[in-house]
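What the coordinates show
Residue-level listing of the chains:
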Amino acid sequence: MAEPKTKYDRQLRIWGEQGQAALEKASICLLNCGPTGSETLKNLVLGGVGSITIVDGSKVEFGDLGNNFMVDDSSLGQSKAKCVCSFLQELNDAVKAKFIEEYPEALIDTNPSFFSQFTLVVATQLVEESMVKLDRICRQENVMLIFARSYGLTGLVRISVKEHTVIESKPDHFLDDLRLNNPWPELRGFTEAIDLNVQDPVAHKHIPYVVILVKMADEWKTSHGGTLPSTREQKREFKELLKARMAATDEDNYKEAIDASFKLFAPQGISNCAEVGSSSSDFWVMVAALKEFIANEGGGEVPLEGSIPDMTSSTEHYVNLQKIYQAKSEADYLVLEERVRNILKKIGRDPHSILKATIKSFSKNARKLKVCRYRSIEDEYNNPSPAELQKYLTDEDYSIAVGFYILLRAVDRYAANFNHFPGQFDGGLDEDISRLKTTAVSLLNDLGCSGLTLTEDLINEMCRFGAAELHAVAAVIGGIASQEVIKLITKQFVPMTGTFAFNAIDHKSRLLNLC
Amino acid sequence: MADAAPPSKSRDLDKLLLRPGNLVGPTFDPGVQLRDDLQEYVRVLVVGAGGLGCELLKDLALSGFKNLEVIDMDRIEVTNLNRQFLFRLEDVGKPKAEVAAKRVMERVSGVNIVPHFCRIEDKDIEFYNDFNIIALGLDSIEARSYINAVACSFLEYDSDDNPREETMKPMVDGGTEGFKGHARVIVPGVTPCFECTIWLFPPQVKFPLCTLAETPRNAAHCIEYAHLIKWDEVHSGQSFDPDNPDHMKWVYDEAVKRAELFGIPGVTYSLTQGVVKNIIPAIASTNAIISAACTLETLKIASGCSKTLSNYLTYNGVEGLHTKVTEFVKDKDCLVCGPGVLIELDTTVTLKKFIDMLEEDPKMLMTKASITYHGKNLYMQAPPVLEEMTRSNLELPLYDLMDKIPKDVLHATGTINKDDKKSSGLRKLRVVFRGIDGVTDMDMAGGA
């Protein structure tokens, strides 16, 4: 086997060849390569992203040797971007690594079009003013953006993308799509050919539970005016009925049927149909087609996913059952594809501009589609949600994390006023504490939370941190940022929505729903 | 914004270690002394030099620790390179512990890391007592269980059955799978130990043999048939080696044949490896997050510079981002971190008879036991030299070997046979001799 494929084996098992190909096509820009930025990129370089470009104007100082693994004693006085870039290149020669010796703030101000060349920008250790400017640029250029910041024993991670759509959300737990209460003709035909009262004990204990449940549901319906069990009492009764049909106590298929009977009681149809937008991105074209499908051929259902869980069964029954589900799934997909092509034609696009494979994946994942939207940073800061903030602040378990979120903004205000962060230097700590307190009070006021205060303890801690970038905190923040980058680029799994406020004190961190 | 302070390598860490704080541990005593003591006196052992171990070594080296050791029995493989960032392609085949130690020392000057290329069971128990904190970067339940038992064996209880603080050996433990992971703090005697909450790690589900032999339904069934049934039928006596590519190819080919026979889709070489080797998918980012959380806790335990995690953190990045802290409680009857298994003996019982009893005792079920008493080997099953040296003790009464002390603690290491599964284990035993004045009090049997 070729080396690259073997090297990536453990991650290919998570995001597959397609996810890997997306990573290898991506170009990532990193702003500031302190430990937070360096650790973020380390995880992405190991995973094999296409290219990285590091932007940092600073030189390696003595203090950097104590918190950044990507520089060493020989780097002192040299460009930090250059040193970090050369070490990262050592980790994976398949990645194209570049660096630009310039301060990100300057680049944001003087050369905004620079950012349009990237798939995604990772902005670390930026203060509020630069975050707002960069966010505006990236939204304009349609470049994905993620902010990561480490500050003492706290930090934050925040994604900023107008809209992110996911077909393959790959949830851990998801109810199988078996259509037990609404079998289509082929499934019904299959179950009818099987006799639940078969005398042969081996055959009896190898009837798949799908068949048992479909047939028993029919039996129930005939004696209950065509309705399925709905009350708790009826459900219990239905399970008793299943139990009574067991020919022996060791029949696993009947035990599975009893355990899976809730799949029969689950409400028919889909719970959260994705909304349709006017935008004509591939995803939304397919959503429009899906909506038509549900209203027409689907009879209220989305296209069938087509996979079935393992269950006690003879090989023959199981393989045949699998084929019936797959055939229905394929037929549904073909109908959906037809509808997609028609819509494309109607809106004046090439009817074949969406790949078959994409439509197929969309069809199979129709119940798992996800849309994530993020407010602009400017909007989050200018139009705060006082009710949400108040709710979080009074939640004892998470008040530290939320307090840190507010203080992270307070220290930026502080720095804009006093030209240094509170506690950044060893002298005058007491004065810094009282100034930060005043700043926090006025910020809370601006956020519409004037009645609330932050604890002295927390404000003291924030000053104690003195804008320190601790390696272990940076590794957590960088680790989270890189994990979110992977989800955004592969378009698999679901990225976080909200602002992640990290609390390294007791690890009661919080995802704040403010964006 | 020029920094007025003289340049220090621990510029950032100093803020945490030199300044007083309010949300800190009870023992926190900030100052230069604390920073220097951390560097000079605190010794941390990293168990495992894989995905978590590599990160732990880097993180600890950059968090003020200078005396580190690492133990790992494995050699570097190509599939490690997507996350074990201390290794390069040209390192494949070399011992992980040695390469990891060397790479971190090259980049972080002043740090000393001693590698141990061996199994964790190969070290004397006393080896582990030499460390202030043990950081676990492991991927197996058995290995965690073993180190946990070792660390708990150092724990002593006073006469009121309260754990003695100076004998507590704290551990931090991390684990990951794909986008998910956990980090926890174990302080024996205070928090639950690994064994108290063993139910958090349910045993792997195995397919029933009759399904494999008679009613296969999916690709994994076909693969396991080739691996567990067909292999032995064809290769009588030759055991299957998952690291031998020829063996793996054979299993794959047989699985394909079986799948064709039954009309089952989906057997691939990659899936064959995954099923046979029970491969857990792993990525760099999750390992980084979990290891760094473990390092933060190590730093807090050693310095008191902040409150600690109490006591179990889970991380899940599959759908959005979920973190949760759970405070699990100790099992007061835990055989591993509790005061020890109480065994009552007559003074005439020989060491040999005692070792035989451990096989039968329902709480022990330990075979091939080696016995130590306050660090002294009473009987060792291996190596042969030690076995020969200690063999003569077997026929002596245990009471005599324990210096005729009526009530004391012994350690037994051996194979524990639980639920048809064998694993290396260590148990602490409280031995009480019957018929000796003052200790015939039968009430204490309740504590076992």
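Scoring rules and cut-offs
Residues numbered from 1 in each chain as written. Chains lettered and ligands numbered in written order. Predicted model: local features only at pLDDT ≥ 70, side-chain atom pairs only at ≥ 80, totals over all residues. UniProt positions renumbered as here; feature names shortened; annotations may be inferred. Helix = DSSP H or I, 4+ residues; strand = E, 2+ residues; numbered from the N terminus. Buried ≥ 20, exposed ≤ 12 C-beta atoms within 10 Å, placed from the backbone. Contact = placed C-beta atoms within 7 Å. Rg over C-alpha atoms; globule rule 2.2 N^0.38 Å. Nonpolar A, V, L, I, M, F, W, Y, C, P; charged D, E, K, R; others polar. Pairing = 2+ DSSP bridges. Axes fitted to C-alpha atoms, helices over the stretch in contact; angles between N-to-C directions. Domains from an automatic or database assignment. Core = buried A, V, L, I, M, F, W, Y, C linked by C-beta atoms within 7 Å. Parallel < 35°, antiparallel > 145°, perpendicular 65-115°, else oblique. Left-handed = near helix turned anticlockwise from the far one by under 90°.

As named in an unreviewed UniProt entry, chain B is NEDD8-activating enzyme E1 catalytic subunit, taken from Gossypium australe. Of chain B, the UniProt comment under Function (unreviewed entry) reads exactly: "Catalytic subunit of the dimeric E1 enzyme, which activates NEDD8." Of the comments in the UniProt record for chain B, the one headed Catalytic activity (unreviewed entry) reads "ATP + [NEDD8 protein] + [E1 NEDD8-activating enzyme]-L-cysteine = AMP + diphosphate + [E1 NEDD8-activating enzyme]-S-[NEDD8 protein]-yl-L-cysteine."

Chain A is annotated in an unreviewed UniProt entry as NEDD8-activating enzyme E1 regulatory subunit from Gossypium australe. Looking at chain A in UniProt, the text filed under Subcellular location (unreviewed entry) is "Nucleus". Turning to chain A, the UniProt record has this under Sequence similarities (unreviewed entry): "Belongs to the ubiquitin-activating E1 family. ULA1 subfamily."

Structural notes on the overall build of chain A
The number of helices and strands found in chain A is 21 helices and ten strands. Here the C-alpha coordinates of chain A stretch approximately 90 × 50 × 45 Å along the principal axes. Evaluated residue by residue, chain A yields a buried proportion of 47% over its 515 residues. Across chain A, contacts joining residues at least 24 apart in sequence account for 71% of those joining residues at least 6 apart.

Observations regarding the overall build of chain B
Secondary structure summary: chain B contains 14 helices and 13 strands in total. Radius of gyration (C-alpha) of chain B: 25 Å, near the 22 Å computed for a compact globule of 448 residues. For the C-alpha atoms alone, the extent of chain B along its principal axes is close to 75 × 75 × 40 Å. Of all 448 residues assigned to chain B, the portion counted as buried reaches 45%.

Points about the interface of chain B and chain A
Taken residue by residue, the interface counts 65 residues in chain B and 71 residues in chain A. Mapped by element, the contributors of at least two residues to the side of chain B that touches chain A are helix 1 (11-18), helix 3 (51-61), helix 11 (284-303) and strand 8 (322-326) of chain B. Of the residues belonging to the side of chain B that touches chain A, the class tally is 31 nonpolar, 21 polar and 13 charged.

Some thoughts on the sheet that holds strand 3 (residues 96-100) of chain A
Residue and element names in this part refer to chain A. With mixed pairing, the eight strands of this open sheet are ordered in space as 3-2-1-4-5-6-9-10. Both edges of this open sheet fall to strand 3 and strand 10 (510-512), since each of them pairs with a single strand only. Looking at each pair of strands side by side, their axes are set apart by 15° on average, direction ignored. Bridge analysis of strand 4 (residues 120-124) against strand 5 (residues 144-151) gives five bridges, and the strand direction is parallel. Bridge pairing in strand 5 links Thr-124 to Ala-148. Helix 6 (residues 128-141) rests against strand 4, strand 5 and strand 6 (154-160) of the sheet, and its axis sits at about 160° to strand 5.

Here we look at the domain arrangement of chain B
Residues and elements named next belong to chain B. On domain assignment, one finds that chain B holds domain 1 (11-202 + 282-326), domain 2 (209-276) and domain 3 (341-436). Summarising the inter-unit geometry, the C-alpha centres of domain 1 and domain 3 are found 31 Å apart. Between domain 1 and domain 3, the residue contacts involve nine residues of the former and seven residues of the latter. Of all the secondary-structure elements, those providing two or more residues to the side of domain 1 that touches domain 3 are helix 5 (125-129) and helix 6 (141-153). Top element by residues in the side of domain 1 that touches domain 3 is helix 6. It accounts for six residues. Of the residues contributing to the side of domain 1 that touches domain 3, the split by class is four nonpolar, two polar and three charged.

Re the sheet that holds strand 12 (residues 407-418) of chain B
Residue and element names in this part refer to chain B. Strand order in this open sheet of five strands is 9-13-12-10-11, and the pairing throughout is mixed. Strands with a single pairing partner mark the edges of an open sheet, and in this sheet they are strand 9 (341-345) and strand 11 (376-379). Strand-to-strand twist of the sheet, defined as the mean angle between neighbouring strand axes without regard to direction, takes the value 35°. Relative to strand 13 (residues 421-433), helix 6 is tilted by about 20°, and along the sheet it contacts strand 12 and strand 13. This element, helix 12 (residues 351-360), spans strand 9, strand 10 (366-373), strand 11 and strand 12 of the sheet and lies at about 130° to strand 10.

As for the UniProt feature "active site" (unreviewed entry) in chain B
Residues and elements named next belong to chain B. Under the UniProt annotation, the feature "active site" (unreviewed entry) is placed at Cys-210. Mapped onto the elements, Cys-210 comes out in helix 7 (residues 209-213). You can call Cys-210 exposed: it has 8 C-beta atoms within 10 Å.

Concerning the domain arrangement of chain A
When the parts come together, some accessible area is lost, and that loss is often what is quoted as the size of the interface. Residue and element names in this part refer to chain A. Domain boundaries assigned for chain A yield domain 1 (3-169 + 470-512), domain 2 (185-265), domain 3 (282-367) and domain 4 (379-465). Relative placement of domain 1 and domain 4: their C-alpha centres are 26 Å apart. Tallying the contact residues gives 17 residues for domain 1 and 14 residues for domain 4. Contributing elements (two or more residues each) for the side of domain 1 that touches domain 4: helix 6, strand 5, strand 6, strand 9 (499-503) and strand 10. If one sorts the elements of the side of domain 1 that touches domain 4 by residue count, strand 9 sits on top with three residues. Looking at the side of domain 1 that touches domain 4 residue by residue, the class counts come to eight nonpolar, five polar and four charged.

Quick notes on helix 1 of chain B
With seven of eight residues buried, helix 1 of chain B is to be regarded as a mostly interior element. Restricting attention to buried positions, one finds in helix 1 of chain B the residues Arg-11, Asp-12, Leu-13, Asp-14, Lys-15, Leu-16 and Leu-17 of chain B. Next to the buried residues of helix 1 of chain B lie helix 20 (456-465) of chain A together with helix 2 (32-41) and helix 11 of chain B.

Some details on the nonpolar core
Core analysis: the biggest nonpolar cluster contains 185 residues, and Leu-120, Val-121 and Val-122 of chain A together with Leu-57 and Ala-135 of chain B have the highest contact counts within it. A per-element tally of this core places helix 21 (residues 471-490) of chain A first, with twelve residues. Those residues within four positions of Val-121 of chain A in sequence are excluded, and the remaining contacts are Cys-29, Leu-31, Phe-115, Cys-138, Val-143 and Leu-145 of chain A. Of all hydrophobic cores here, the second largest spans 23 residues; its members include Leu-290, Val-302, Tyr-333 and Ile-354 of chain A.

A closer look at the environment of Pro-7 of chain B
In this fold, Pro-7 of chain B is placed in the segment before helix 1. Residues Pro-7 of chain B and Glu-69 of chain B lie 62 residues apart in sequence; the distance between their C-alpha atoms is 29 Å.

Concerning the environment of Val-44 of chain B
Residue and element names in this part refer to chain B. Here Val-44 shows up in strand 1 (residues 43-47). Note: C-alpha distance between Val-44 and Lys-15 (29 residues apart in sequence) is 22 Å. The residues touching Val-44, leaving out its near neighbours within four places in the chain, are Leu-60, Phe-65, Leu-68, Phe-131, Asn-132, Ile-133, Ala-135 and Thr-298.

A look at the packing of helix 3 of chain B against helix 11 of chain B
Residue and element names in this part refer to chain B. At a minimum axis separation of 9 Å, helix 3 and helix 11 run at an interaxial angle of 45°. In terms of axis orientation, helix 3 runs oblique to helix 11. Regarding helix 3 and helix 11, the two cross each other, and that crossing is right-handed. Contact residues: Gly-51, Leu-52, Glu-55, Leu-56, Asp-59 and Leu-60 in helix 3; Asn-287, Ala-288, Ile-290, Ser-291, Ala-292, Cys-294, Thr-295 and Thr-298 in helix 11. Classifying every residue of the contact of helix 3 with helix 11 by side-chain character gives seven nonpolar, five polar and two charged.

Digging into unusual backbone geometry
Here the amide bond leading from Ser-310 of chain B into Asn-311 of chain B is cis, since omega sits at -15°, within 30 degrees of zero. Tracing the backbone through its elements, the reader meets Asn-311 of chain B in the loop between helix 11 and strand 7 (312-316). Across the junction of Ala-382 of chain B and Pro-383 of chain B, the peptide omega takes the value -5°, indicating a cis bond. The topology assignment puts Pro-383 of chain B in the loop between strand 11 and helix 13 (384-391). Of note in the backbone geometry, Asn-32 of chain A takes a positive phi value of approximately 70° without being a glycine. Among the structural elements, Asn-32 of chain A can be located in the loop between strand 1 (27-31) and helix 3 (35-47).

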